[in-house]
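# Structure at a glance
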Amino acid sequence: MPAAEHTSWDPHSRGASIDFDAPNQARLFDALLGGRDNYVADREVVDQLADLAPGVGQMVRDHREWVGRVLRLLVTQCGVDQFLDLGSGLPGLDNTHQIVQRNNPEAKVCYIDNDPVVLAHGRALLEENENTHMLEFDITRPETVTTDPGLRRRVDFDRPMAVLLCAVTGHILDDDVVRQTVRGWVKAIPSGSYVVVSQQFDPADGSVHSELARTLHKAFLGTAVATAFRERGEIESYFEDLRMVEPGLVQLHKWWPDGPRLVPLSEWNHLMLGALARKP
Ligand SMILES: C[S@@+](CC[C@H](N)C(=O)[O-])C[C@H]1O[C@@H](n2cnc3c(N)ncnc32)[C@H](O)[C@@H]1O
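Definitions and cut-offs
- Residues numbered from 1 in each chain as written.
- Predicted model: local features only at pLDDT ≥ 70, side-chain atom pairs only at ≥ 80, totals over all residues.
- Heavy atoms only, no water.
- Helix = DSSP H or I, 4+ residues; strand = E, 2+ residues; numbered from the N terminus.
- Rg over C-alpha atoms; globule rule 2.2 N^0.38 Å.
- Buried < 20%, exposed > 50% of the residue type's maximum accessible area, 1.4 Å probe, protein only.
- Contact = heavy atoms within 4.5 Å.
- Pairing = 2+ DSSP bridges.
- Salt bridge = Lys/Arg side-chain N within 4 Å of Asp/Glu carboxyl O.
- pLDDT = per-residue confidence, 0-100.
- Polar contact = N/O pair within 3.5 Å; in protein donor to acceptor, adjacent residues only side chain to side chain.
- Near = heavy atom within 4 Å.
- Areas by Shrake-Rupley, 256 points an atom, 1.4 Å probe, with all protein chains shown as cover.
- Nonpolar A, V, L, I, M, F, W, Y, C, P; charged D, E, K, R; others polar.
- Phe/Tyr/Trp six-rings, centres within 6.5 Å; stacked < 30°, edge-to-face > 60°.

## Here's the deal with the overall build of the protein chain
Each helix and strand counted, the protein chain has ten helices and eight strands in total. On C-alpha atoms alone, the protein chain measures out to a radius of gyration of 18 Å, which is about the 19 Å that the 2.2 N^0.38 rule sets for 280 residues. Burial analysis of the protein chain (280 residues in total) assigns 52% to the buried set. The contacts of the protein chain with a sequence gap of at least 6 include a subset with a gap of at least 24, amounting to 73%.

Structure (structure tokens):
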């Protein structure tokens, strides 16, 4: 199993120690989705988020629904049969491999994360068949990851694939690191591949939504669940060399909804943009 080398001076590394007294991105998402793999510190953040604006749990569920819609489109209409789920998070109810293998049992899925708890749960719960793997890498080092023989044994870099960066770039606070990360992955994948990104959004227009994005950013700065809410132009720059699939970079409920919206939107729904794009 390939393992990212972690050393104490490594700026990319979050280390292998597990701190159950501090909140954690993956466990927070699990708590927001109503999962059981979270602790008091994570649930306290859920309460803080709900105090700042109600509806955060619904937004995270909407996000998973959106990822599902994108995956179904990729597997049924785009013919994609290789998926790299970067910053995959804790296993949930309907995970990437279950969604795509329901449509194509031969589809290959590599989950990639560098959180020890995600890796342990992922190996126990996700690696259900020979087409599904959980691997440890730092996704901000695309050159190292994409040349790793362990990954190349599982994914064919001569054939199109889909790279998912869903709700992960927002947790990488340095804009330059995110841009280089996305650019590195886009460079490494062959023509005909797809890139999926969802990112927390600051409309930067003086609106109540922009104010909320800034309040949320400040509230968690310096903690393990700090989040960068980025402006549209910054997020669009990730897609520079790609062709957007309609409807482009939009709030998730506007991206080919399953039907009319019956659940009311909350302020949170305005704070996440997502897009699917193809490498020409
Ligand atoms: C919010 S959670 C996952 C969300 C998941 N992709 C989804 O769509 O529900 C973000 C995940 O990204 C992982 N992550 C953050 N930075 C990473 C990095 N540099 N390398 C690998 N994984 C990373 C975290 O460990 C966490 O599991």
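## What to know about the pairing of strand E8 (residues 272-278)
Buried residues dominate E8, accounting for six of its seven residues. Of the strand pairs in this sheet, strand E5 (residues 194-200) and E8 are connected by seven bridges, and their pairing is antiparallel. Across the sheet, residue Val-195 finds its bridge partner in E8, namely Ala-277. Sheet topology note: the strand E6 (residues 243-244)/E8 ladder contains two bridges and is antiparallel. For Arg-243, the partnering residue across the bridge sits in E8 and is Arg-278. Taken together, the two bridges between strand E7 (residues 250-251) and E8 define a ladder with antiparallel strand orientation. Counterpart to Gln-251 in the pairing with E8 is Leu-273.

## Digging into the pattern of salt bridges
One pass over the full model with this rule turns up nine salt bridges. Asp-42 is the salt-bridge partner of Arg-27, the closest N and O atoms lying 2.9 Å from each other. Here the residue Arg-27 occupies a position in helix H1 (residues 25-32), and Asp-42 occupies one in helix H2 (residues 40-52), the gap between them amounting to 15 residues. Here Arg-27 and Asp-42 have matching classes, each one buried.

## Details of the confidence of the model for the protein chain
It should be kept in mind that the predicted coordinates are not to be read in detail where pLDDT is low. Across the protein chain, the average pLDDT comes to 92, with 94% of residues at or above 70. Throughout residues 1-15 the model reports pLDDT below 50, and contacts reaching past four residues in sequence, or to other chains, amount to 28 contacts.

## A word on helix H5 (residues 116-125)
Along an α-helix, residues three or four positions apart point the same way, because every turn accommodates 3.6 residues. Turning to H5, its buried residues number three or more, namely Val-117, Val-118, Leu-119 and Gly-122. Close packing links the buried residues of H5 with H1, strand E2 (108-113) and strand E3 (132-136). Between a side-chain oxygen at the N-terminus of H5 and the backbone nitrogen of Val-117 the separation is 2.7 Å; the capping residue is Asp-115.

## Here's the deal with the site of the ligand
Arg-64, Gly-87, Asp-113, Asp-138 and Cys-166 are the nearest of the 21 residues found near the ligand. In the model, an oxygen atom of the ligand is placed 2.5 Å from a nitrogen or oxygen of the Asp-113 side chain. Cys-166 has a polar backbone atom sitting 2.8 Å from a nitrogen atom of the ligand. When isolated, the ligand has an accessible area of 600 Å², and the protein chains bury 96% of it. Mapped onto the shell around the ligand, the elements with two or more residues apiece are H1 and helix H3 (56-76). When residues in the shell around the ligand are grouped by element, the largest group, three residues, is from H1. In terms of residue class, the shell around the ligand is made up of eight nonpolar, eight polar and five charged.

## Some remarks on the packing of aromatic side chains
Applying the stated criterion across every chain yields a total of two aromatic pairs. Taking 4.6 Å as the distance between ring centres and 55° as the angle between the ring planes, the aromatic pair formed by Phe-20 and Tyr-39 counts as tilted. Of the two residues, Phe-20 sits in the segment before H1 while Tyr-39 sits in the loop between H1 and H2, which places them 19 residues apart along the sequence. For Phe-20, a relative accessible area of 37% puts it in the partly exposed group. For Tyr-39, a relative accessible area of 36% corresponds to the partly exposed category. For the pair Trp-66 and Trp-255, a centre-to-centre distance of 6.1 Å together with 85° between the ring planes defines the contact as edge-to-face.

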